[in-house]
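Topology and contacts: notes
Given next are the chains, with one letter for each unit.
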Amino acid sequence: MSHVEDELNSQPECWTRAARQAERSAAALPAPGERVAVVGCGTSYFMAQAAAALRESAGRGETDAFAASEFPHGRRYDRVVALTRSGTTTEVLDLLGRLKGHTPTTAVTADPDTPVMTAADEVVVLDFADERSVVQTRFATSALTLLRAHLGLHTDAVVADARTALSTPLPVGLDACTQFTFLGRGWTVGLASEAGLKMREASLAWTEAYPAMEYRHGPISVTTEGTATWMLGEAPDGLAAQVGATGGWWIEGRLDPLAELVRVQRLAVAVAARRGLDPDRPRHLTRSVILAP
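Right, let's walk through the structure included here.

Okay, the overall build of the protein next. Along the protein, the regular secondary structure elements total 10 helices and 9 strands. In terms of principal-axis extent, the alpha carbons of the protein reach across some 55 × 40 × 40 Å. For the protein, the residues scored as buried account for 57% of the 293 residues in total. When the accessible area of the protein is evaluated, it comes to approximately 12,300 Å², of which 50% is carbon and sulfur surface. Charge centroids of the protein, computed over 28 positive and 35 negative side chains, lie 0 Å from each other.

Further remarks concern the pattern of salt bridges. On inspection of all chains with the given rule, the structure shows 14 salt bridges. As a salt-bridge pair, lysine 100 and aspartate 121 come within 3.4 Å of each other at their nearest N and O atoms. Of this pair, lysine 100 sits in the loop between helix H4 (90-99) and strand E4 (105-109) while aspartate 121 sits in the loop between helix H5 (116-119) and strand E5 (122-125), placing them 21 residues apart in sequence. Using a relative accessible area of 37% as the deciding quantity, one classes lysine 100 as partly exposed. As a salt-bridge pair, arginine 274 and aspartate 175 come within 3.6 Å of each other at their nearest N and O atoms.

Axis separation between helix H2 (residues 11-24) and helix H7 (residues 156-167) bottoms out at 9 Å; the angle between their running directions is 165°. Regarding the angle of H2 to H7, the classification is roughly antiparallel. Of the two elements, H2 crosses H7, and the hand of that crossing is right-handed. Every residue of H7 that contacts H2 at Pro12, Glu13, Trp15 and Thr16 is listed here: Val158, Val159, Ala162, Arg163 and Leu166. Residues of the contact of H2 with H7, tallied by class, amount to 6 nonpolar, 1 polar and 2 charged.

What counts and what doesn't
- Throughout, residues of each chain are indexed from 1 in the direction in which the sequence is written.
- With the structure being a predicted model, the display of local features is reserved for residues of pLDDT at least 70 and the display and counting of side-chain atom pairs for 80 or more, all residues being used for whole-chain, interface and lining totals.
- Heavy atoms throughout the structure, all of them, feed into the side-chain values; hydrogens and water do not.
- Numbering goes from the N terminus for both helices and strands, where a helix is a DSSP run of H or I of at least four residues and a strand is a run of E of at least two.
- Exposure classes here rest on a 1.4 Å probe applied to the protein chains alone. A residue is buried below 20% of its type maximum, exposed above 50%, and partly exposed in between.
- To measure how exposed things are, a 1.4 Å probe is used in the Shrake-Rupley method; for residues, cover is taken only from the protein chains shown.
- Positive residues here are Lys and Arg, negative ones are Asp and Glu, while His and the chain termini are left out of the count.
- The atom standing in for a charge is NZ when the residue is Lys, CZ when it is Arg, CG when it is Asp and CD when it is Glu.
- Salt bridge, as used here, is a side-chain nitrogen of Lys or Arg placed within 4 Å of a carboxyl oxygen of Asp or Glu.
- Axis definition: a line fitted to C-alpha atoms, over the contacting stretch in the case of helices. Angles run 0 to 180 degrees between N-to-C directions.
- Put simply, angles under 35 degrees are roughly parallel, angles over 145 are roughly antiparallel, angles from 65 to 115 are roughly perpendicular, and the rest are oblique.
- Take the far helix as the reference: if the near one is turned anticlockwise from it by less than a right angle, the crossing is left-handed, and if turned clockwise, right-handed.
- Two residues qualify as a contact provided that any one of their heavy atoms is within 4.5 Å of a heavy atom in the partner residue.
- Three classes are used, and their members are as follows: Ala, Val, Leu, Ile, Met, Phe, Trp, Tyr, Cys and Pro are nonpolar, Asp, Glu, Lys and Arg are charged, and the others, Gly among them, are polar.

Right under this line is the structure:
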């Protein structure tokens, strides 16, 4: 079993621990009414998008998400939350350094022996969700679970759905598709983007991701026999029928959207296996992007 398979299979236990960690770390996480920005790079950026949409829709305060390199320094925030598995990503550390002494910051990381421990004002360590794999799975979903639990939006049913996602076979033949499109709404738009990234990283698949209502505005033109469209969360009325009319696969997300992401992670590994690729050694990637001075 590859590292990424082993790590993605451990997610139900990691989510349970992350939810407990949310209670212990409440003081370091955004308070109701604070104006917050959540930042990250790559997978962590997509988790930031999901977390920001969840927080704002829950009425906890205005919340934005940015790639760390694109943070708008002209805006004022009460707190910036940085998601960084490695704790060494250059763009995140540079941003935290610029904010030091001006804007309170919290970092969520997996490694307590990295520069982020002193770069951020507060740190939440999810060391139980650290990974050997380059391809992120359990840290990303555990970080989002931490933030969902902090908002009171995590339940045991989510963990049960994750177990179902791991134990239920994927549709036969899905791994043979030539193109995959992932769709989301609200907080699951970020999950859809992450689903596409997982497929590209692990299996070099042609993937796209969109807000579900945008799919009719052009992207549906590539849908045909041998392509798959996967909805994370509740689909807009009529969309499943439209995709079905193209001859393409329609995969409806019936589990909690975060558990649906687990199913996509499994698909990425399956497609990699079908193509003779090693998901632990994705092309041109490293575990952390550290830029030379």
